[in-house]
Amino acid sequence: MTIPRTGIGVDVHAYAPEEAPQPLWLGGLLWEGERGLAGHSDGDAVAHAAADALFSAAGLGDLGTHFGTDRPEYAGASGVRLLAEAARIVRAAGFEIGNVAVQLVAQRPVFSPRRDESQRVLSEAAGAPVTVSATTSDHLGFTGRREGVAAVATALVYLLEES
């Protein structure tokens with residue numbers, strides 16, 4: 001009997017300093033006119049949490065293991081690229097992906113108008129359904145003070161052939 005495995009991924013990024021602006025990439029989308037996030041790659045906390053959840057479910061380490069700051073080839077890489085590569089690594093290890101669910105915690109941007117677009121982009125990258133929900137923290141904590149964003153993801157994977 002095939003037993004599914006679940007994993008959790010968390011990613012947090014501060015907004016880039018105003019004196020060193022960055023574009024905002026979130027959920028695989030460019031958010032014009034919004035202050036971007038700081039990070040080794042593009043800072044897309046939604047895509048990064050999704051990738052981390054896949055690694056967690058498959059028992060293959062985490063985002064830093066595969067795409068850490070010691071890997072200069074991933075400097076500035078898009079979250080969509082990292083998610084696609086994470087899905088490839090998970091499948092190469094003998095797993096199939098059931099789905100990924102991500103919860104974004106941020107005061108801005110308002111995510112719901114672009115939810116479907118984001119889910120299409122992320123699902124295409126993962127080769128499996130990715131859903132994204134969003135909430136605020138009611139102006140509490142670093143997300144409430146608009147210092148950054150956080151994302152929490154879960155993933156379901158299963159071995160293609162169990163021994």
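Use the structure listed above.
The rules we used
- Residues numbered from 1 in each chain as written.
- Predicted model: local features only at pLDDT ≥ 70, side-chain atom pairs only at ≥ 80, totals over all residues.
- Heavy atoms only, no water.
- Helix = DSSP H or I, 4+ residues; strand = E, 2+ residues; numbered from the N terminus.
- Expected span 1.5 Å × (residues − 1).
- Buried < 20%, exposed > 50% of the residue type's maximum accessible area, 1.4 Å probe, protein only.
- Axes fitted to C-alpha atoms, helices over the stretch in contact; angles between N-to-C directions.
- Contact = heavy atoms within 4.5 Å.
- Nonpolar A, V, L, I, M, F, W, Y, C, P; charged D, E, K, R; others polar.
- Salt bridge = Lys/Arg side-chain N within 4 Å of Asp/Glu carboxyl O.
- Pairing = 2+ DSSP bridges.

Visitor: Explanation requested: helix H1 (residues 45-58) in the structure shown.
Guide: Because an α-helix completes one turn every 3.6 residues, residues spaced three or four positions apart along the sequence face the same direction. For H1, built from 14 residues, the straight-helix expectation of 20 Å at 1.5 Å per residue is met to within 8% by its first-to-last C-alpha distance of 20 Å. Counting buried positions along H1 gives 13 out of 14 residues, so the element sits mostly inside the fold.

Visitor: I would appreciate a short explanation of the packing of helix H3 (residues 79-92) against helix H4 (residues 115-126) in the present structure.
Guide: When two helices pack together, their arrangement is given by the angle between the helix axes and the distance between those axes. Look at H3 against H4: their axes get within 7 Å of each other, and the N-to-C directions meet at 35°. On H4, the residues that touch Val80, Leu83, Ala84, Ala87 and Arg91 of H3 are Val121, Leu122, Ala125 and Ala126. A per-class count over the contact of H3 with H4 returns 8 nonpolar, no polar and 1 charged.

Visitor: Just checking my understanding: could you explain the pattern of salt bridges for this structure?
Guide: Working definition: two side chains of opposite charge can pair if their charged atoms are close together. Enumeration according to the criterion identifies 7 salt bridges in this entry. Of the charged contacts, one joins Glu18 and Arg35 as a salt bridge, the two residues approaching to 3.7 Å between their closest N and O atoms. Here the residue Glu18 occupies a position in the loop between strand S1 (5-14) and strand S2 (23-26), and Arg35 occupies one in strand S3 (residues 29-35), the gap between them amounting to 17 residues. Judged by relative accessible area, Arg35 falls into the partly exposed class, the value being 31%. The shortest N-O distance in the salt bridge between Glu147 and Arg145 comes to 2.8 Å. On the basis of relative accessible area, Arg145 is assigned to the exposed category, the value being 52%.

Visitor: Just checking my understanding: could you explain the sheet that holds strand S4 (residues 95-105) for this structure?
Guide: Each strand in a sheet pairs with its neighbour through backbone hydrogen bonds, running either in the same direction (parallel) or in the opposite one (antiparallel). Reading across the sheet, the 4 strands line up as S1-S6-S4-S5 and stay open at both edges, with mixed pairing between neighbours. Looking at which strands have only one partner, the edges of the open sheet turn out to be S1 and strand S5 (130-135). Sheet twist, expressed as the mean angle between neighbouring strand axes with direction ignored, is 15°. For S1 and strand S6 (residues 148-159), the ladder comprises 10 bridges, and the chain directions are antiparallel. Each bridged residue has a counterpart across the sheet, and for Val10 the counterpart in S6 is Val152. Packed on one face of the sheet, H1 meets S1, S4, S5 and S6 and runs near 150° to S1.

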